[in-house]
Amino acid sequence: MGLVLTLFAASPALAASYRYWSFWDGAGGRWAYATQGPSTARPADGATLGFRFSVSKDASAEAAQPRAAADFEAVCGGTAPAEGKKRVALVIDFGVPEDAPAGETPPQGGPRTACAQLAPAATAAEALAEVAKPLRYNGAALLCGISGYPKTGCGEPIEDAQQPKPPASASADPDPNSDSDSDSDSTGSGPSAGLFLGIAAVLALGSAAVWQSRRRRR
């Protein structure tokens with residue numbers, strides 16, 4: 001019976017992904033997951049910052065990066081330097097429709113770029129506010145929305161089974177001889193039938209063991 005409890009206790013691990021805005025530092029044309037939050041990071045003049053909305057694993061190596069290059073000159077090259085100001089390039093990627101919360105769509109299909117000019121001590125959050133208001137934060141200072149997107153929610157855990165399905169070209173061809181019901185969810189949108197059968201088998205074995213134990217006592 002302990003195995004059954006372990007299986008049920010492990011079920012929350014399915015919620016291993018989150019829908020959120022990730023924050024990135026750009027250098028040498030590449031993106032690196034930021035080590036500070038926007039409210040504490042103070043980018044230098046010539047810095048490139050990226051923001052990407054997506055459903056991603058809670059790990060920097062698996063988070064979705066902005067879909068535009070970390071190229072300061074491409075964003076701020078046409079903005080002349082100003083005395084007492086720093087220039088910060090921003091790439092804001094609203095993500096793909098498949099990652100949008102229910103009832104919402106990304107404001108635009110591709111990334112938005114903007115060059116912010118602000119005081120030397122300004123934070124990344126201030127740079128973002130300069131070009132992409134309104135911003136929305138939660139009580140823990142987590143960035144929840146940029147330019148009003150999304151309207152609600154903030155870093156909710158998403159069960160793997162509810163993540164967008166991969167395109168057909170990325171999945172194996174179905175077996176033409178399969179007898180599976182076309183209306184059944186055979187694409188992994190829920191726990192597999194094998195898991196439930198396994199749990200049922202363990203329950204049956206546990207019940208049999210209890211019955212045998214009682215029989216020996218008689």
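What you see is a predicted model; the values in this text were computed from it and never measured.

Student: I'm lost on unusual backbone geometry in this one. Help?
Tutor: Between Lys133 and the following residue, Pro134, the backbone shows a cis peptide bond with an omega angle of -5°. Assignment of secondary structure puts Pro134 in the loop between α3 (124-131) and β6 (135-137). Phi is positive for Ala141, close to 65°, though the residue is something other than glycine. In this structure, Ala141 sits in the loop between β6 and β7 (143-146).

Student: I tried to follow the pattern of salt bridges on my own but got confused; where do I start?
Tutor: Opposite charge on two side chains lets them pair, provided their charged atoms get close. Counting across every chain of the model gives two salt bridges. The closest approach of N and O atoms between Arg52 and Asp93, which form a salt bridge, is 3.9 Å. One end of the pair, Arg52, is in strand β3 (residues 47-57); the other, Asp93, is in strand β4 (residues 86-93), with 41 residues separating them in the sequence. Of the two residues, Arg52 and Asp93, both sit in the buried class. A salt bridge links Asp93 to Arg67, with the shortest nitrogen-to-oxygen separation between them at 2.8 Å. In this pair, Asp93 is assigned in strand β4 and Arg67 in the loop between β3 and α2 (72-76), connecting sequence segments 26 residues apart. Take Asp93: its relative accessible area is 0%, and that puts it in the buried class. Overlapping salt bridges bring together Arg52, Arg67 and Asp93 as one network.

Student: What exactly am I supposed to notice about the nonpolar core here?
Tutor: Here is a general trend for soluble globular proteins: nonpolar side chains tend to be buried in one another's company. Counting residues in hydrophobic clusters, the biggest one holds 22 residues, and the most contacted among them are Trp21, Phe23, Phe51, Leu90, Ile92, Leu128 and Ile146. Among the elements of the structure, β1 (17-27), β3, β4, β5 (112-118), α3 and β7 are those that each provide at least two residues to this core. The contacts of Trp21, once residues within four sequence positions are left out, are Phe51, Arg52, Phe53, Ile92, Asp93, Phe94, Leu143, Cys144, Gly145, Ile146, Tyr149 and Pro150. The next biggest cluster of nonpolar side chains, apart from the first, holds six residues, and it includes Tyr20, Trp24, Trp31 and Ala70.

What counts and what doesn't
- Residues numbered from 1 in each chain as written.
- Predicted model: local features only at pLDDT ≥ 70, side-chain atom pairs only at ≥ 80, totals over all residues.
- Heavy atoms only, no water.
- Helix = DSSP H or I, 4+ residues; strand = E, 2+ residues; numbered from the N terminus.
- Salt bridge = Lys/Arg side-chain N within 4 Å of Asp/Glu carboxyl O.
- Buried < 20%, exposed > 50% of the residue type's maximum accessible area, 1.4 Å probe, protein only.
- Core = buried A, V, L, I, M, F, W, Y, C linked by side-chain atoms within 4.5 Å.
- Contact = heavy atoms within 4.5 Å.

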